[in-house]
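Okay, here's what each chain looks like letter by letter:
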Amino acid sequence: MASSKPIPCGPCIEGKVNTKADIWCYNCDEGLCSTCSGHHKRSKGTRDHKIIGIKSYKPSVQVIETQCDKHGQQLNLYCPSHLMPCCDQCISKSHSKCTGIKSLASVVEKTKIEKSKESVEKEINSILQLLGKIVNNKSQNIKRGEQEYESIKEFIVKIRNEIDKHLTHLEKKICSEADTILNEEKSKATDLITEIEEKQKNLKKMQDQLHSVIPHASKLQSFLGVHQIEQKVHQCQRYIDDLDKDDRAKEFTIKMKENNEVEKIIKKLGSLGELTVVKTDMDLKKETSVRREAQVESQEQSNINNMTINIEKKIKINMEG
């Protein structure tokens, strides 16, 4: 899309005249009105410049500065040692020891721009391919990490289920043993209670005989009756004395001796596992090594011949994130 804002004629602006441009000169990087374009076409130094109708001209998205960003002066010189455009101050401050300083205009004139553009585009494509590979690898890495996370969760659930299952088994086993012991002790105690209750009944009968029968019997009968009851009482006394040796009469307490290994395991089991992150280097090598060739020709400086501009880029990628 052509620019909606009219482009003024560069030479006319210099002469303090605001004239609308009819053509655009890529070499001069400015618009020209019909009058100035006529002089432009007839001039020996500009007749071969690349021009285009102003309606077909598409301004660059980003304006390329022709001034030095450090000193604010026009870039008019070129240092072949550092392969970079310079202003007068750049040369005096940073390139005073460099040899073969050329005028930027002569270097630009002899540089094969199209070949440089092809090299730069190739470099861009190479970097885009590399960055695309990194994005793809990291996306796959995230998916793989999510799957690993789910696997860890499944493993923890599995371990917990196995532990719960084993604890349930141990719980049933110890409860079953406690139940058996309790039933045995209850049975012994119940038998003893039944046996003692029988003794209590007999003693009450003997007590009734002493109070109801003996007073109404003859002296002989009373003597014999009391004697018989006395013998039975002595038997009950011996029975009571023998209870000290009877295991059934002893009080029982069901206790559980804790397994010390359980506490040791709990203390020792600080975690169910250790999580680590294993880092693997990613192959960041570009498939092709791209060099931008400037192809500057010069008869005065041999090191300018077939000049090659090397664009070196370092890509620092934080692989921790």
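- As named in an unreviewed UniProt entry, the protein chain is B box-type domain-containing protein, taken from Mytilus edulis.

**Points about the overall build of the protein chain**
Thinking step 1. The helix and strand inventory of the protein chain stands at seven helices and eight strands.
Thinking step 2. Put simply, the protein chain has 321 residues, and 18% of those count as buried.
Thinking step 3. For the protein chain, the proportion of contacts with a sequence separation of at least 24, taken over those separated by at least 6, is 51%.
Thinking step 4. Carbon together with sulfur atoms contributes 52% to the accessible area of the protein chain, which is approximately 26100 Å² in total.

**With respect to the sheet that holds strand β5 (residues 84–86)**
Remark on secondary structure: sheet strands pair via backbone hydrogen bonds, oriented parallel or antiparallel.
Thinking step 1. The strand order β5-β4-β6 describes an open sheet built from three strands, whose pairing is antiparallel. The open sheet has two edge strands with one neighbour each: β5 and β6 (102–103).
Thinking step 2. Across three bridges, the pairing between strand β4 (residues 77–79) and β5 is antiparallel. Within β5, the residue paired with Y78 across the bridge is P85.

**Comments concerning the sheet that holds strand β3 (residues 51–53)**
Thinking step 1. Here we have three strands laid out as an open sheet, ordered β2-β1-β3, and antiparallel in their pairing. Edge positions in the open sheet fall to β2 (30–32) and β3, since each of these has one partner strand only. Across the sheet, the mean angle separating the axes of adjacent strands is 30° when strand polarity is ignored.
Thinking step 2. Alignment of strand β1 (residues 23–25) against β2, held across three bridges, turns out to be antiparallel. Bridge pairing in β2 places I23 opposite L32.

**Digging into the packing of aromatic side chains**
Thinking step 1. Taken as a whole, this structure holds two aromatic pairs when the rule is applied.
Thinking step 2. Summarising the aromatic geometry, the rings of W24 and Y57 are spaced 4.1 Å apart at their centres and angled 15° between planes, so their arrangement reads as stacked. One end of the pair, W24, is in strand β1; the other, Y57, is in the loop between β3 and β4, and 33 residues separate them in sequence. Y57 carries the same exposure label as W24, and that label is buried.
Thinking step 3. With a centroid separation of 6.2 Å and an interplanar angle of 65°, the aromatic rings of Y26 and Y57 are classed as edge-to-face. In this pair, Y26 is assigned in the loop between β1 and β2 and Y57 in the loop between β3 and β4, connecting sequence segments 31 residues apart.
Thinking step 4. With relative accessibility at 40%, the residue Y26 sits in the partly exposed group.
Thinking step 5. In this structure Y57 comes out as buried when scored by relative accessible area, which is 9%.
Thinking step 6. In textbook terms, an aromatic cluster arises when at least three aromatic residues are bridged by ring pairs, as seen for W24, Y26 and Y57.

**Here we look at helix α5 (residues 113–212)**
Thinking step 1. The terminal C-alpha atoms of α5 lie 143 Å apart, and with 100 residues this matches the ideal 148 Å at 1.5 Å per residue to within 8%.
Thinking step 2. For α5, the full list of buried residues reads S116, S119, E123, S126, I127, L130, I134, E185, L192 and M206.

**With respect to helix α7 (residues 260–268)**
Thinking step 1. Taken across its nine residues, α7 has zero buried, putting it largely on the surface.
Thinking step 2. For α7, the N-terminal capping position is held by N259, with its side-chain oxygen 2.9 Å away from the main-chain nitrogen of E261.

**Let's talk about the pattern of salt bridges**
Thinking step 1. A full pass over the atoms with the stated rule returns six salt bridges.
Thinking step 2. The partner of K188 in a salt bridge is D247, and the shortest N-O contact between them spans 3.9 Å. A residue pair is termed long-range when its members are at least 10 positions apart, and K188 in helix α5 and D247 in the loop between α6 (219–242) and α7 qualify at 59 residues.
Thinking step 3. The exposure class assigned to K188 is partly exposed, which follows from its relative accessible area of 33%.
Thinking step 4. Ionic contacts of the salt-bridge type, sharing partners, join the residues E185, K188 and D247 into one network.

**Topic: the packing of α5 against α6**
Thinking step 1. Direction vectors running N to C along α5 and α6 enclose 155°, while the axes themselves pass 11 Å from each other. For the element pair α5 / α6, the angle class is roughly antiparallel. Considering the relative orientation of α5 and α6, their crossing is left-handed. Listed contacts from α6 to L192, E195, I196, K199, L203, M206, Q209 and L210 of α5 are V226, I229, K232, V233, C236 and Y239.
Thinking step 2. Its residues assigned to classes, the contact of α5 with α6 comprises ten nonpolar, one polar and three charged.

Conventions we followed
Residues numbered from 1 in each chain as written. Predicted model: local features only at pLDDT ≥ 70, side-chain atom pairs only at ≥ 80, totals over all residues. Heavy atoms only, no water. Helix = DSSP H or I, 4+ residues; strand = E, 2+ residues; numbered from the N terminus. Buried < 20%, exposed > 50% of the residue type's maximum accessible area, 1.4 Å probe, protein only. Contact = heavy atoms within 4.5 Å. Areas by Shrake-Rupley, 256 points an atom, 1.4 Å probe, with all protein chains shown as cover. Pairing = 2+ DSSP bridges. Axes fitted to C-alpha atoms, helices over the stretch in contact; angles between N-to-C directions. Phe/Tyr/Trp six-rings, centres within 6.5 Å; stacked < 30°, edge-to-face > 60°. Expected span 1.5 Å × (residues − 1). Polar contact = N/O pair within 3.5 Å; in protein donor to acceptor, adjacent residues only side chain to side chain. Salt bridge = Lys/Arg side-chain N within 4 Å of Asp/Glu carboxyl O. Parallel < 35°, antiparallel > 145°, perpendicular 65-115°, else oblique. Left-handed = near helix turned anticlockwise from the far one by under 90°. Nonpolar A, V, L, I, M, F, W, Y, C, P; charged D, E, K, R; others polar.

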